[in-house]
Amino acid sequence: MISAIIVTYNRSRFLSEAIDSVLAQTYFKKNPAEWELLIIDDGSTDETGLLVSHYLRTVPNIRYYSEPHRGVSAARNRGLAEARGDFIAFLDSDDLWLPSKIEVQMSFLRAFPSAPFCLTEEIWIRHGKRVNQARKHQKPSGYILERALSLCLLSLSSALFRRQLLAEVGWFDETFPVCEDYDLGLRIALRYPYYYLSSPLIIKRGGHADQLSRKYWGNDRWRVAAMLKALSSGPDEPAASLIREEIKKKATILAKGFRKRGELNQAEYYEKIISSVSA
């Protein structure tokens, strides 16, 4: 079984299209008993509950869970706890799957049983217009730890995971308000190659004001935290050296930024981190 998980928070204006893109999956239409959609409502105060109720009356594969607002990581973990499938797919509530997304990925994972997950290429929409990805966002396959340290290369909406992979590397870190995907991506990159499929099979819609990536200044503070966690896990020396170098780069930018903003305690914290990984 495949468990599709949508986490949503006050996104009713996008949610119906996301749900419809799940229902339109060719794989699910061919295998109606082999999938489920879990919608985790992270404390929405808009029309989300009413919108989902219409689907619940007509689609038996959908389950809906509403809980107090605790953040995207806790909500995704609730979805994992409720999921029954051996394969897990996440869809952000403002993104869309193209109809063949799951079918193509299942074909790949069945053809390559040693691959613990795979990702697809993406179509990016910003402010309603299609945009080209920058070179740095182009997706490589293989052991990509060095690339995965500099920026997040794990696009959750494009991924299909074998459940045992998430059991092995761990679920989402609920202390991370953002960059939880970066943290998970590092844990995977330390153990396994990435498997990218070149076909663009999802649409990522961005540019709206409530995106979590726009909520905080200095999101690299959580990337540094993720890298410190990765170091503490005891990677081999080549990997540890790459991690230390990237920590120094990101912590240097953070220290300068916090000093400029007059947040001296924070600046000194990152300066100490730089010293510790340079020793």
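Here's what I pulled together on the structure shown here. For every chain, the first residue of its written sequence is number 1, and the numbers climb from 1 along that sequence. Given that this is a predicted model, residues contribute local features only at a pLDDT of at least 70 and side-chain atom pairs are listed and counted only at 80 or more, while totals for whole chains, interfaces and linings are drawn from all residues. Only hydrogens and water are set aside; all other atoms, that is, all heavy atoms of the structure, feed into the side-chain values.

### Re the pairing of strand β2 (residues 35-42)
Part 1 of the argument: Counted residue by residue, β2 has 8 buried out of 8 residues, so it is predominantly covered.
Part 2 of the argument: Buried residues are those whose accessible area, probed at 1.4 Å on protein chains only, stays under 20% of the maximum for their type, while exposed residues exceed 50% and partly exposed ones sit between those limits. Only DSSP runs of H or I with at least four residues qualify as helices, and only runs of E with at least two residues qualify as strands; both kinds are numbered from the N terminus onward. Side chains of β2 alternate between two faces, with W35, L37, I39 and D41 and E36, L38, I40 and D42 buried alike.
Part 3 of the argument: Between any two strands, pairing holds if DSSP finds at least two bridges. Where β2 meets strand β3 (residues 62-67), 6 bridges bridge the pair, whose relative direction is parallel. Note on β3: the bridge partner recorded for I39 is Y64.

### Thoughts on the nonpolar core
Part 1 of the argument: The nonpolar core is taken to be a set of buried Ala, Val, Leu, Ile, Met, Phe, Trp, Tyr and Cys residues, with the residues joined through side-chain atoms within 4.5 Å. Counting 54 residues, the largest nonpolar core has F90, L154, F161, I188 and Y194 as the members making the most contacts within it.
Part 2 of the argument: A per-element tally of this core places helix α10 (residues 237-260) first, with 7 residues.

### Section: the packing of aromatic side chains
Part 1 of the argument: By convention, a stacked pair of Phe, Tyr or Trp rings (six-membered ring in the case of Trp) has centres within 6.5 Å and planes under 30 degrees apart, an edge-to-face pair has planes over 60 apart, and any other such pair is tilted. This structure, assessed with the given rule, holds 11 aromatic pairs.
Part 2 of the argument: Where F108 meets F112, the ring centres are 4.9 Å apart and the plane angle is 35°; that geometry is what we call tilted.
Part 3 of the argument: Taking the centre distance of 5.1 Å and the plane angle of 85° together, the rings of F117 and Y194 count as edge-to-face. Pair noted here: F117 is in strand β6 (residues 117-126) and Y194 is in the loop between α8 (180-189) and β9 (196-206), with a separation of 77 residues, a long-range link. The exposure classification of F117 matches that of Y194, with both residues buried.
Part 4 of the argument: Clustering of aromatic rings is evident, with ring pairs tying together F90, F117, F161, F172, Y194 and Y196.
Part 5 of the argument: Note that R76 overlies the ring of F172, its terminal NZ or CZ placed 5.2 Å from the centroid. For a lysine, the NZ atom is tested; for an arginine, the CZ atom; a charge sits over a ring if that atom is within 6 Å of the ring centre and within 35 degrees of the ring normal.

### Some points on the packing of helix α1 (residues 12-23) against helix α3 (residues 48-56)
Part 1 of the argument: Every angle, taken between N-to-C directions, lies between 0 and 180 degrees, and every axis is a line fitted to C-alpha atoms, over only the stretch in contact when it is a helix. Taken N-terminus to C-terminus, the directions of α1 and α3 make an angle of 25°; their axes are 9 Å apart at the nearest point. Classified by the angle their axes make, α1 and α3 are roughly parallel. Judged by the twist between their axes, the crossing of α1 over α3 is right-handed. Between α1 and α3, the contacting residues are S12, L15, S16, I19, D20 and L23 on the first element and T48, L51, V52 and Y55 on the second.
Part 2 of the argument: Nonpolar residues are Ala, Val, Leu, Ile, Met, Phe, Trp, Tyr, Cys and Pro. Charged residues are Asp, Glu, Lys and Arg, and all others, Gly as well, are polar. Here the residues of the contact of α1 with α3 are counted per class, giving 6 nonpolar, 3 polar and 1 charged. By definition in this entry, angles of less than 35 degrees are roughly parallel, angles greater than 145 are roughly antiparallel, angles of 65 to 115 are roughly perpendicular, and the rest are oblique. Each crossing is labelled by how the near helix is turned from the far one, with a counterclockwise turn of less than a right angle marking it left-handed and a clockwise turn marking it right-handed. Contacts between residues were defined by any pair of non-hydrogen atoms, one from each residue, lying within 4.5 Å.

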